[in-house]
Amino acid sequence: VMARGCLGMFRYDVTNELKNITIPTLIIGANKDRLTRPDASVYMKEHIPGAALVMLQPANHEGLLERHEEVNKAAETFIQTLN
């Protein structure tokens, strides 16, 4: 079941829906992520209206944990822009 779920992700494509996201969006990428590639984060930023992008570096796929202080600061800064 787990393997089928993972394989299903390869066929899941919502690229055409990115333009329809209307809520404030913060994308946090990692410059050395081999699973969610950095260019995918840049693509999302370019196609989600008003999206913000923070690229952690150096960071791998676990960048949210590896660079947690930067992630927390980025989230705090983003949230403050919403007020």
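For the structure, check the block above.
These figures come from a predicted structure and were not determined experimentally.

### A short note on helix α4 (residues 68-81)
- A rise of 1.5 Å per residue sets the reference length of α4, with its 14 residues, at 20 Å; its end C-alpha atoms lie 20 Å apart and thus fit the reference within 8%.
- Within the sequence span of α4, burial applies to Val71, Ala74 and Phe78. Down the axis of α4, the buried side of the element spans an arc of 65°, and every buried residue falls inside it. Of the exposed residues in α4, those oriented more than 90 degrees away from the buried face are Glu69 and Asn72.
- Buried residues along α4 sit in contact with β1 (26-30), β2 (52-56) and α3 (63-66).

### Things to note about unusual backbone geometry
- Residue proline 58 follows glutamine 57 across a cis peptide bond; omega there is -5°.
- Locating proline 58 in the fold gives a position in the loop between β2 and α3.

### Thoughts on the pattern of salt bridges
- Taken as a whole and assessed by the stated rule, the structure comprises 2 salt bridges.
- Between aspartate 39 and arginine 37 there is a salt bridge, with its nearest N and O atoms 2.5 Å apart.
- Residue class for aspartate 39 comes out partly exposed when judged on its relative accessible area of 42%.
- As a salt-bridge pair, arginine 67 and glutamate 70 come within 2.4 Å of each other at their nearest N and O atoms.

### A word on the pairing of β1
- In this sheet, β2 lies alongside β1 in parallel orientation, the contact comprising 5 bridges. Paired with glycine 29 across the two strands is methionine 55, which belongs to β2.
- After leaving β1, the chain enters helix α2 (residues 38-47) and then returns to the sheet as β2, a path that is right-handed.

Analysis parameters
- Residues numbered from 1 in each chain as written.
- Predicted model: local features only at pLDDT ≥ 70, side-chain atom pairs only at ≥ 80, totals over all residues.
- Heavy atoms only, no water.
- Helix = DSSP H or I, 4+ residues; strand = E, 2+ residues; numbered from the N terminus.
- Expected span 1.5 Å × (residues − 1).
- Buried < 20%, exposed > 50% of the residue type's maximum accessible area, 1.4 Å probe, protein only.
- Arc of directions from axis to C-beta.
- Contact = heavy atoms within 4.5 Å.
- Salt bridge = Lys/Arg side-chain N within 4 Å of Asp/Glu carboxyl O.
- Pairing = 2+ DSSP bridges.
- Right-handed = clockwise from strand over helix to strand, strands pointing away.

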